[in-house]
Amino acid sequence: MSSAPNGRCESEAAPLTRTREMASHTVRYVDCGSGPVVVLVHGLMGSLHDWNPQLKTLSQSFRVIALDLPGHGDSDKIPGDYSLSAHAATIRDLLHSLDVESVTMVGHSYGGGVAMQMLYLFPEMVEKICLVASGGLGQEVNPVLRAASLPGSEVALPVAASAPVRRAVGGVLALLTRARILRLGAGDQRAWTNFASISDSRTRRAFLSTARSVINYRGQSVSATRLLSSFSHVPALLVWGERDTIIPATHAHSVRDQLPGRGRVELFPKAGHFPHLDEPERFASVFAEFMDETFCVVHDEAER
């Protein structure tokens, strides 16, 4: 496992970012801290900023690499392959370019599917895996994401994500929040910010390609539950918010018994789809415990 004396993440609000030319895309990423390498992968419509509260905290103990997947954030949004395998290959190439041999993969939502694809395609590179409100573990998904797979969504999305519509909806949400009828957590606010990104035509095209590769009108069309047997040699942590309205927490319950003995499931009762944002201190604590508990096991097996 590689470590390097990279620069710290100086600010939660503005992590130091870099870009790297890959075979098919230019990728924006953050590389900070030192120690065991942890790779953070965001979900649909997201970016590396989805991990801001964790970048500063985790980099105190680990070398943390977070990236904008192609088609997201400030990475390239050129036409191309936006499948799980393509994203996994991009991460592999980025890690190789940074001389990183093996990592702990942490994936949120769609990023959980990417993390599991990394484990499937490049098992020698994945020491541990942490899935946060992960896709790929059941069919159910929010109807809004199912709608993105339907014909005509190319026309509807630009309207829904336009500045006038967002201002109007944002005004209603603000009124409901002030009246204490609605409570928006940190994760809800991040999701709303991320939604604005698809007002850009290139980002929207990439989003639709990515979403349609894993979602259809019935729900999630790609299942990774058969890959759970691959966790037999890899410590696994599942983290879910019980108030998740995007991918239900029942998915965590349904796969709990399929995880090998070293699998661990943590449910956050007050969190939604972004438990690492809604309860950042608890997430960092649970993740640190997971890394400590599995450190000796992984290295004992590596020495055999």
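The structure this text deals with has already been given above.
J.: Hey, could you run me through the pairing of strand β6 (residues 126-132) in this one?
T.: Along a regular strand, successive side chains alternate from one face of the sheet to the other. Counting buried residues along β6, seven of its seven residues qualify, which places the element largely inside the surrounding structure. With six bridges connecting them, strand β5 (residues 103-108) and β6 associate as parallel partners. In the strand pairing of β6, Val103 is matched with Val126. Taken together, β5, helix α3 (residues 110-121) and β6 form a β-α-β motif whose crossover is right-handed. One ladder, built from four bridges, connects β6 with strand β9 (residues 236-241); its direction is parallel. Note on β9: the bridge partner recorded for Val132 is Val239.

J.: Any chance you could explain the packing of aromatic side chains here in plain terms?
T.: Between two aromatic rings, the relevant description is the distance of the centres plus the angle of the planes. Tallied over the full model, the rule gives four aromatic pairs. Ring geometry for Phe283 against Phe287: centres 6.2 Å apart, planes inclined by 10°, an arrangement best described as stacked. With Phe283 and Phe287 both in helix α11 (residues 280-303) and four residues apart, the pair spans about one turn of that helix. No difference in accessibility class separates Phe283 from Phe287, as the two residues are buried. Three or more aromatic residues link up through ring pairs in this structure, and these residues are Phe62, Phe283, Phe287 and Phe290.

J.: Looking at this model, I keep getting lost on the nonpolar core. Mind explaining?
T.: The nonpolar side chains of a soluble globular protein tend to be buried with one another. Judged by nonpolar contacts, the single largest core of 60 residues is most densely connected at Ile91, Met105, Ile129 and Phe207. The greatest single-element share of this core, amounting to six residues, is contributed by α3. Met105 has contacts with Val39, Val41, Ile91, Ala115, Met118, Val126, Lys128, Ile129 and Cys130, leaving out every residue within four places of it along the chain.

Reading the values: rules and limits
Residues numbered from 1 in each chain as written. Predicted model: local features only at pLDDT ≥ 70, side-chain atom pairs only at ≥ 80, totals over all residues. Heavy atoms only, no water. Buried < 20%, exposed > 50% of the residue type's maximum accessible area, 1.4 Å probe, protein only. Helix = DSSP H or I, 4+ residues; strand = E, 2+ residues; numbered from the N terminus. Pairing = 2+ DSSP bridges. Right-handed = clockwise from strand over helix to strand, strands pointing away. Phe/Tyr/Trp six-rings, centres within 6.5 Å; stacked < 30°, edge-to-face > 60°. Core = buried A, V, L, I, M, F, W, Y, C linked by side-chain atoms within 4.5 Å. Contact = heavy atoms within 4.5 Å.

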